[in-house]
Each structure stands twice: as C-alpha cells, then as structure tokens.
Amino acid sequence: MSRAINVNATKTEVQALCLKHKAPISAIETLASGGTRVVLTNSDAAATMVRAFGRKVLSGTVERTPLRLRMI
C-alpha cells in the first residue's frame, strides 16, 4: 500500500485526525484541485488513516501544486 493519501479535507483537519490516530506525517500539501495530500511515515499508518477518512479519500487523478517553478 502507498503511504500517500489524497483526501477531501483541509490541512488542519488532516493534521488533527492524524494526531488523534497517532499516525506520523512525513509530508503534507494542499492540492490545487481541492483537498489535501498527506504522506505518512509507514504503510500501517496509511492504512489506518484510509479507514479513518473513509469516504473523504479521493480516488483518481488530482492536480498538485508544483513545488518548484520550471525553468524554460
């Protein structure tokens, strides 16, 4: 299982739920298409959070915000 999850929730909501379930976050970012992408430190934590988020987990392709500007 992937450690990355895309969720239809705010960054604050994701952080609070991860803290509640003691799931350590490796990286977190707001998605350009709406929602949040969170990467957990291990797949067990990711599986726990997929169950915790339930229907809020986004499937399919999402639009991410580029971390760096591309040089042309």
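You'll find the structure just up there.
Residues numbered from 1 in each chain as written. Predicted model: local features only at pLDDT ≥ 70, side-chain atom pairs only at ≥ 80, totals over all residues. Heavy atoms only, no water.

### Considering the overall build of the protein
Tallying secondary structure elements over the protein gives 2 helices and 3 strands in all. In the protein, the succession of α and β elements from N to C terminus is β-α-β-β-α. Sorting the 72 residues of the protein into buried and exposed places 28% on the buried side. Partitioning the intrachain contacts of the protein with sequence separation of at least 6 by distance along the chain shows that 67% fall at a separation of at least 24. Charge-centre separation for the protein: the mean point of 11 positive side chains lies 3 Å from the mean point of 4 negative side chains. (Helix = DSSP H or I, 4+ residues; strand = E, 2+ residues; numbered from the N terminus. Buried < 20%, exposed > 50% of the residue type's maximum accessible area, 1.4 Å probe, protein only. Contact = heavy atoms within 4.5 Å. Lys, Arg positive; Asp, Glu negative; His and termini not counted. Charge placed at Lys NZ, Arg CZ, Asp CG, Glu CD.)

### Let's talk about the side chain of R37
As for its position among the elements, R37 is in strand 3 (residues 36–40). At 4.2 Å, E29 is the nearest oppositely charged side chain to R37, a buried residue that forms no salt bridge. Apart from residues no more than four positions distant in its own chain, R37 is found in contact with A4, I5, N6, A27, I28, E29, L31 and R64. (Salt bridge = Lys/Arg side-chain N within 4 Å of Asp/Glu carboxyl O.)

### Examining the environment of T61
Positionally, T61 belongs in the segment after helix 2 (43–53). Sequence spacing of T61 and N6 is 55 residues, and the spatial spacing of their C-alpha atoms is 9.5 Å.

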